[in-house]
Amino acid sequence: MASAEQKKIASRKKVVAILGAGKMGEALARGVLRAGLASQVIATDVLESRLEAMKKIGVKTMKSNADAAKASDMVLLSVKPKDMAHVLDGISTAIGDKRLVISIAAGVPLSFIEQHLKKAKVVRAMPNIAATVQEAITALAPGTNASPEDLEAAKALFTSVGRCIVVDEKLMDAITALSGSGPGYIFAIIEGLTDGGVKTGLPYDIALQLAAQTVLGASKMVLEAGKHPAELRSMVATPAGTTIEGLAIIEESGLRGTLIRAVEAATRRGKEISQSLFS
Ligand SMILES: NC(=O)c1ccc[n+]([C@@H]2O[C@H](COP(=O)([O-])OP(=O)(O)OC[C@H]3O[C@@H](n4cnc5c(N)ncnc54)[C@H](OP(=O)(O)O)[C@@H]3O)[C@@H](O)[C@H]2O)c1
């Protein structure tokens, strides 16, 4: 259901151009269309198959990034980081100082985009793949020329595919490593729980469903109860019961330490990639 802010944005009837119609571009196009946030969504891509897929969901397609940018009020950059310089060079004259540019490219600093687009109003965003099921968490960092209204427009866009927070750009590498890459870690956890179920005799389909819904339910409790996970954990571990038996193994094998190191390693790798491409 569209929020009040989403309805306000929709009433302005913006044209949104999505440059790069891959997994994220399509998820965001679907979100914008579903929430009725734009009078029109335009998409570009180098792959004809991606343009065909976008046409099927009601998106107008164009070949030229510059033409799409010119025809829009808001431009979403959803190409891979390695393609950003080329795309920015192609749209620099079309953007001017009126259009809002939102980039979801991992590790691409606001300063890099602003150097290419001069006076542009830019917002950097880090969503995650759960945008495909409207359960993303997106962090937004406004650039030098982005106004509070621009940030609200970006919030409305990402709220159409999940939750949204506003942060200082310096937190983006850690956010990319935690929630950007996070679905990958959770898939591994779901896989492990499922295999545990199968090892103890559950049919695979049932084990998978139990594991996935358990992760969803536990996440919902953390978000809605506002309690520390350790408190919730102690609530389910009765003395000499089954949960504490399982938790003892999790502690022994250092699951929490492993996850901490995973986020640290991904943050380091993100910084390395960013430095090799953009400094
Ligand atoms: N996937 C995630 O979980 C996730 C999460 C957060 C942020 N992001 C960011 O989102 C961006 C898109 O990721 P994705 O997973 O959606 O990637 P993707 O599926 O590869 O989509 C990018 C699309 O852009 C196309 N493209 C390449 N050059 C282009 C150009 N010059 N003009 C127009 N389109 C062009 C690509 O074509 P080719 O395949 O032929 O290159 C591809 O179809 C990335 O920058 C990534 O860092 C992704």
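Up top is the structure.
Because the structure is a prediction, the values reported are computed rather than measured.

Enquirer: Run through the nonpolar core, naming residues and quoting values.
Expert: Most often, soluble globular proteins have nonpolar side chains that are buried together. I18, L28, L76, L77, V101 and I102 are the most contacted members of the largest nonpolar core, which totals 63 residues. Sort the elements by how many residues they give to this core and helix α2 (residues 23-35) lands first, with six residues. If we skip the residues at most four places from it in the chain, V101 touches V75, L77, I95, I113, L117, A120, K121 and V122.

Enquirer: Just give me the short version of the site of the ligand, but keep the residues and values in it.
Expert: Inspection of the region around the ligand gives 28 residues, with G20, G22, M24, A105 and A106 positioned closest. Only α2 and α5 (84-95) provide two or more residues apiece to the shell around the ligand. With three residues, α2 is the single largest residue contributor to the shell around the ligand.

Enquirer: Describe the environment of L28, with residues and values.
Expert: Position of L28 relative to the elements: it lies in helix α2. For L28 and R233, which are 205 residues apart along the polypeptide, the C-alpha to C-alpha distance reads 35 Å. Beyond its immediate sequence surroundings of up to four residues, L28 is in contact with I18, L76, S78, A131, L157 and V161.

Enquirer: Before we move on, could you go through the environment of K118 and cite the residues and values that matter?
Expert: Relative to the helices and strands, K118 resides in the loop between α6 (110-117) and β6 (121-126). Separated by 26 residues in sequence, K118 and S92 place their C-alpha atoms 8.0 Å apart.

Enquirer: Which residues make up the pairing of β6, and what are the values?
Expert: When you tally the buried positions in β6, you get six out of six residues, the bulk of the element. Going residue by residue along β6, you find K121, V123 and A125 tucked away on one face and V122, R124 and M126 tucked away on the opposite face as well. In terms of strand pairing, strand β5 (residues 100-103) meets β6 through four bridges, oriented parallel. Note that in β6 the partner of S103 across the bridge is R124. Crossover connection from β5 via α6 to parallel β6: handedness right-handed.

Enquirer: Please set out α5 residue by residue, giving values where relevant.
Expert: Within the span of α5, buried status applies to M84, V87, L88, I91 and I95. The arc that holds every buried residue of α5, seen down its axis, measures 95°, which confines them to one face. Residues of α5 that are exposed and point over 90 degrees away from its buried face: H86 and T93. Check the buried side of α5 and you find it contacts β1 (14-19), α4 (65-70), β4 (74-77), β5 and α6. Note on α5: the residue one or two positions beyond its end, G96, has a positive phi of about 65°.

Enquirer: Run through helix α8 (residues 172-180), naming residues and quoting values.
Expert: Given 3.6 residues per turn, any residue in an α-helix points the same way as the ones three and four places further on. The element α8 is extensively covered by neighbouring structure, given that eight of its nine residues are classed as buried. Of all the positions in α8, only M172, D173, I175, T176, A177, L178, S179 and G180 are classed as buried.

Enquirer: Which residues make up the sheet that holds β1, and what values go with them?
Expert: Spatially, β3-β2-β1-β4-β5-β6-β7-β8 is the arrangement adopted by the eight strands of the open sheet, whose pairing is mixed. Both outer strands of the open sheet, β3 (60-62) and β8 (162-166), are each paired with one neighbouring strand and no more. Averaged over neighbouring strand pairs, the angle between their axes works out to 25° when direction is ignored. Lying over the sheet, helix α7 (residues 148-159) contacts β4, β5, β6, β7 (136-142) and β8, oriented at roughly 165° with respect to β7.

Enquirer: Can you tell me about the environment of K14, naming the residues and giving the values?
Expert: Inspection of the secondary structure assignment puts K14 in strand β1. Spatially, the C-alpha atom of K14 lies 31 Å from that of S181, the residues being 167 residues apart in sequence.

Enquirer: Describe the pairing of β8, with residues and values.
Expert: In terms of strand pairing, β7 meets β8 through five bridges, oriented parallel. Residue pairing in the sheet places L140 in a bridge with V166 of β8. One crossover worth recording links β7 to the parallel β8 by way of α7, and it is right-handed.

Enquirer: So what's going on with the packing of α8 against helix α13 (residues 255-278)? Residues and values would help.
Expert: In a packed pair of helices, the relevant descriptors are the angle between the two axes and the axis-to-axis distance. Orientation of α8 relative to α13, taken along the N-to-C sense of each, is 130°, at an axis distance of 8 Å. In terms of orientation, α8 and α13 fall into the oblique class. Note that α8 runs across α13; the crossing there is right-handed. Judged by residue contacts, D173, A174, T176, A177 and L178 of α8 engage V263, A266, T267, G270 and K271 from α13.

Here is what the cut-offs are and how they apply
Along each chain, the written sequence defines residue order, and numbers are assigned to residues from 1. Under the rules for a predicted model, residues below a pLDDT of 70 receive no local features and side-chain atom pairs below 80 are neither given nor counted, while totals for whole chains, interfaces and linings still include all residues. In these notes, a nonpolar core means any group of buried Ala, Val, Leu, Ile, Met, Phe, Trp, Tyr and Cys residues linked to one another through C-beta atoms within 7 Å. The burial label depends on the number of other C-beta atoms within 10 Å of a residue's C-beta. Counts of 20 or more mean buried, 12 or fewer mean exposed, and intermediate counts mean partly exposed, with C-beta atoms placed from the backbone. What counts as a helix is a DSSP run of H or I of at least four residues, what counts as a strand is a run of E of at least two, and both are numbered from the N terminus. Note on contacts: each residue gets a C-beta atom placed from the backbone, and two residues are in contact if those atoms are within 7 Å. All residues are tested the same way: a C-beta atom is placed from the backbone, and lying within 6 Å of a molecule or strand makes the residue near it. When DSSP finds at least two bridges between two strands, those strands are taken to pair. By convention, a crossover is right-handed whenever its connection, traced from the first strand over the helix to the second and viewed with the strands pointing away, goes clockwise. It is the directions from the helix axis to the C-beta atoms whose arc is reported. Between N-to-C directions, angles cover 0 to 180 degrees, with each direction set by a line fitted to C-alpha atoms, over the stretch in contact for helices. What sets the label is the angle itself: under 35 degrees gives roughly parallel, over 145 gives roughly antiparallel, 65 to 115 gives roughly perpendicular, and the rest give oblique. Should the near helix be turned anticlockwise from the far one by less than a right angle, the crossing is left-handed, and should it be turned clockwise, the crossing is right-handed.

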